[in-house]
Every structure is written in C-alpha cells, then in structure tokens.
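Coordinate analysis (summary)
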Amino acid sequence: DRAGAGAVAGDALRAALAGGPVSLVTGFGGLGKTTLAVHTLHSVFAEQASNVLVVRVKRNTSAEALKTELVDVLATARGPKRGKASVDSLVDDALNETLVDLAETGAHVIVLDDLHNVSETEAREFLRLINRHARRSRWIVTMRGDPHIPELVSQTVPLGAMSDVHLNELAQALASRAGAAVDK
C-alpha cells in the first residue's frame, strides 16, 4: 500500500542521511519529496530542531544567488544578522568557503527544496561542493531529476508515481469511505 511505500522511502532516506552529508530525494512534482524530507527530519533529528533550516529554491535562481541566500540564512541562524553588503561582497571561492564554514559550524541540517530551479550544471557543481566539504552538516536536497553524480547514487531516494494496483486500491478505499459517509 501507499503507506508502506512511504515507510520504505522514509527508511531509504534515513539510511542515506546516515551514509553521507548529502541526500537527494528525486521525482516528479507533487509526489511528496518535501513531505518525506520534513517527516524524516522529525523522526531522525527531533532533538536538533533548532538547527534545521528549510530553503526553497525559487525559479531561475543562479547558483551564486542560491549560495548568497544560504550564507545569509546560515549567518542569521548563527546569531545577529550579518549586513547584506558583507554577503554581497563574497565571490566564488570565498562564497563557497563561507557557505560550508557556516553550515559546518552550526552542524545544521538543511533542506534545500526544489534544486531543479537551478541549471543542471550549476546544481551538479553545488552538490559536488557540499558533498566534498560537508562533515557535520547534513543536506536533504529535493529535485525533480536525477543529477547523475556517481558519488551520490547511494544517497539518492527516487520517488515514483503510484502503480495502477495502488491507484485502484486507493480508489476503492476512498469509494468505500465515501459510501460509508453517505450512508450515515
């Protein structure tokens, strides 16, 4: 059943989180990637709730804009808000180093939702950067497509559409409930 499929996906995500700093949840829109990530976080990192950050990637975001936003979010989580000018003045390597340092210092758990809104090339580069340098922080990244990064294959949890059998079971269950509600 679908609840069983959700439990299997949750187990797979927990295993991925234990296996490395970056875990990917991939699949078409509306399949529950973000829901799975948040639900799993509640069960795995409940005691670290103050270190959990959720960042939604807006459409057509550049990797640099995403990194700048993440630095700002992580700096804010650390304490008094940094001035935007100091974040804007960071470029390339300094931006990457600051991002990784802030995530690591706080041992944050970051849900990066909808990374598919960054170009494929930039998304792959970003994932490789985080996977290469993160040690204490954990990243759950949701995206629609598989970025095809060999070192993240075991860290990827693909979600798929319901099978015809599961759709039929769900329809029958809903019809039964609707009939029971009408009969009462």
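Each value, and the rule that gives it
- Residues numbered from 1 in each chain as written.
- Predicted model: local features only at pLDDT ≥ 70, side-chain atom pairs only at ≥ 80, totals over all residues.
- Heavy atoms only, no water.
- Helix = DSSP H or I, 4+ residues; strand = E, 2+ residues; numbered from the N terminus.
- Buried < 20%, exposed > 50% of the residue type's maximum accessible area, 1.4 Å probe, protein only.
- Polar contact = N/O pair within 3.5 Å; in protein donor to acceptor, adjacent residues only side chain to side chain.
- Contact = heavy atoms within 4.5 Å.
- Patch = residues over 30% accessible without salt bridge, like charges linked within 9 Å, V, L, I, M, F, W, Y side chains within 5 Å.
- Areas by Shrake-Rupley, 256 points an atom, 1.4 Å probe, with all protein chains shown as cover.
- Salt bridge = Lys/Arg side-chain N within 4 Å of Asp/Glu carboxyl O.
- Lys, Arg positive; Asp, Glu negative; His and termini not counted.
- Charge placed at Lys NZ, Arg CZ, Asp CG, Glu CD.
- Pairing = 2+ DSSP bridges.
- Axes fitted to C-alpha atoms, helices over the stretch in contact; angles between N-to-C directions.

1. Regarding the side chain of His108
Within the secondary structure, His108 is located in the loop between α5 (92-105) and β3 (109-113). Classification of His108 as buried rests on a relative accessible area of 5%. In this structure the side chain of His108 is engaged in a polar contact, spanning 3.1 Å, whose partner is the backbone oxygen of Asn51. Discounting chain neighbours no more than four positions away, the residues touching His108 are Asn51, Leu53, Leu74, Ala77, Leu102, Ala103, Ser137 and Arg138.

2. Considerations on a negative patch on the surface
Together, Glu64, Asp92, Asp93, Glu97 and Asp101 give the surface a local cluster of negative charge. Top contributing element to the negative patch by residue count: α5, with four residues. Note that Glu64 resides in helix α3 (residues 63-78).

3. Let's talk about the sheet that holds strand β1 (residues 22-26)
In spatial order, the strands read β2-β3-β4-β1-β5; together these five strands make up an open sheet with parallel pairing. Each having just a single partner strand, β2 (52-56) and β5 (156-158) make up the two edges of the open sheet. Here the average twist between neighbouring strands, direction ignored, is 15 degrees. In this structure, β3 lies alongside strand β4 (residues 138-143), joined through four bridges in parallel fashion. Among the inter-strand pairings, Val109 is bridged to a residue of β4, identified as Arg138. Here helix α2 (residues 33-44) sits on the sheet in contact with β1, β2, β3, β4 and β5, set at roughly 160 degrees to β4.

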